[in-house]
Amino acid sequence: MIFLSIILALAIVYYRAPLTTLQGDRWFFAWLQRVSGWTLVTKIPSGQLLLSLGLPVVGLCLLLDLLEGIPVLLLLAIELWVLLYSFGRGDLQAQLNTLHNDLQRGDSQAAFHVGETLSANKRKIVAFDLPALAQELRQRVAYAYFERYLAVIFWSLIGGVAGALLYRMSVLYRASLVTLVADSEAGESGFTGYLQLREASRWLALLEWLPLGLVGFALSLVGRFGAGLSQWLTRWFSARPSVEVLQDYVDDALGTDKTAFGWVVAVTSTADIATSCEQIAQLFKRVLVFWLCLLALASVL
C-alpha cells in the first residue's frame, strides 16, 4: 500500500494542491518546547533527541497497529496524510518558477530571497559575485528535491509512513535548533544549544547517507550515462555534508567542466544561473520517474 500512497502523494504535489493545512508544524514545535522543559531528559546524552523524535514515531506505529482492521481506503487516507505531511515545506515548483523569473530579468536580490526559502532552515545566502551565487542556488535546488521528496520516499519504503515522519521531524528538529542557536546569547545556554545542533546534524546526516548514495547512482544513469560512477563510492563514503556530495553527483550528471578551483559553471549573467537551475530541476524529475519505474517493477515481480 505504501507504493500507492507514494504515487498519490506525488500526484497531489504535481498538481500543486495546497498543503499548508496538512503540513502544520505547530504541534511538533510545541512538543519540542515541552520536552526541552524536562530537566532530567536534557541531562541524558541524546535524551532530548531520542524523546523528541522517538515518541511521535512510536505513537504513530501504535496507532497504525490499532487501526489495522479498519477499511483499506481509510487506512490509505491516513498513510497519505502522513506522507504528505512528511514531504518538504512549501510549493517547490512555485518557488523555482519565481526564482527562474527573477534570474531571467536580472533581479539578483529577489533571487537571493527565493534561494533562502529553498533551505529548510532558511539559511542566509552569502555570495559576492555571480559564480558564488550560482553555486549557492544550484546546491539549494538540488538539495531541495532531495530533502523534500527523495529522502522521504526512501524512508517511507524502509519504514513505512513512520520512517517518512521520522525523517521530516529530524529536519524540523535541526531547523529549530539552528534558529535557537542563532537567537541565543553567548554562555552556557548557547553552548548547550550548539551541542544539541551538532548532535542533530550528525543524526540527520546519518539518515541521509543511504538515500544520498542511491540518488547519486540514479543521477549517473539518468544524466550523462555512467558519468561519475568511478567516483560514486568514494564520494558516498567521504563523510562530507550531504549538500556537497549531492552537488558533486549533479555536476557529474550534467557534465560540468572542472577547473583548478573545483566544479564551476560558466556564468556571465543571471540568465545563465536560471538555465543551470532549470537543468538541475529537470534532472531530479528524471530521478523521481526512474525511482517510480523501479518501484513499479518491484511491485509486479
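It should be noted that the structure appears before, not after, this text.
Just so it is clear, the structure is predicted and the values come from calculations on it, not from any experiment. (Residues numbered from 1 in each chain as written. Predicted model: local features only at pLDDT ≥ 70, side-chain atom pairs only at ≥ 80, totals over all residues. Heavy atoms only, no water.)

Caption draft 1: The side chain of Arg-89, seen in detail. Within the secondary structure layout, Arg-89 lies in the loop between helix H5 (72-86) and helix H6 (92-104). Side-chain polar atoms of Arg-89 contact the backbone oxygen of Tyr-85, separated by 2.6 Å. With near-sequence residues (within four places) excluded, Arg-89 lies in contact with Gln-23, Asp-25, Arg-148, Arg-168 and Leu-172. (Helix = DSSP H or I, 4+ residues; strand = E, 2+ residues; numbered from the N terminus. Polar contact = N/O pair within 3.5 Å; in protein donor to acceptor, adjacent residues only side chain to side chain. Contact = heavy atoms within 4.5 Å.)

Caption draft 2: Looking closely at the pattern of salt bridges. Under the counting rule described, the total for this entry stands at 11 salt bridges. Here Asp-252 and Arg-235 are joined by a salt bridge, their closest N and O atoms 2.0 Å apart. Here Arg-235 lies in helix H10 (residues 229-236) and Asp-252 lies in helix H11 (residues 242-254), a separation of 17 residues in the sequence. Asp-252 sits in the buried class, given a relative accessible area of 9%. Where Asp-248 meets Arg-240, a salt bridge forms, and the shortest distance between an N and an O atom there is 2.4 Å. (Salt bridge = Lys/Arg side-chain N within 4 Å of Asp/Glu carboxyl O. Buried < 20%, exposed > 50% of the residue type's maximum accessible area, 1.4 Å probe, protein only.)

Caption draft 3: Up close: a nonpolar patch on the surface. On the surface, Trp-209, Leu-210, Leu-233 and Phe-237 cluster together into a nonpolar patch covering about 380 Å² of accessible area. Within the secondary structure layout, Trp-209 lies in helix H9 (residues 188-222). In this structure Trp-209 comes out as partly exposed when scored by relative accessible area, which is 31%. (Patch = residues over 30% accessible without salt bridge, like charges linked within 9 Å, V, L, I, M, F, W, Y side chains within 5 Å. Areas by Shrake-Rupley, 256 points an atom, 1.4 Å probe, with all protein chains shown as cover.)

Caption draft 4: Just helix H1 (residues 2-14), in detail. Here H1 is 13 residues long and its end C-alpha atoms lie 18 Å apart, about the 18 Å a rise of 1.5 Å per residue gives. Among the residues of H1, Ser-5, Ile-6, Ala-9 and Leu-10 are the ones counted as buried. Down the axis, H1 shows its buried residues gathered within 125° of arc, on one side only. Buried residues belonging to H1 abut H5, helix H8 (130-183) and helix H12 (270-300). A positive phi of about 55° marks Arg-16, the residue just after H1. (Expected span 1.5 Å × (residues − 1). Arc of directions from axis to C-beta.)

Caption draft 5: Just the packing of H10 against H11, in detail. In contact at an axis separation of 10 Å, H10 and H11 are set at 175° when each is read in the N-to-C sense. Comparing the axis directions of H10 and H11 gives the class roughly antiparallel. Across the interface between the two elements, Trp-232, Arg-235 and Trp-236 from H10 touch Val-245, Asp-248, Tyr-249 and Asp-252 from H11. When the residues that make up the contact of H10 with H11 are grouped by side-chain class, the tally is 4 nonpolar, no polar and 3 charged. (Axes fitted to C-alpha atoms, helices over the stretch in contact; angles between N-to-C directions. Parallel < 35°, antiparallel > 145°, perpendicular 65-115°, else oblique. Nonpolar A, V, L, I, M, F, W, Y, C, P; charged D, E, K, R; others polar.)

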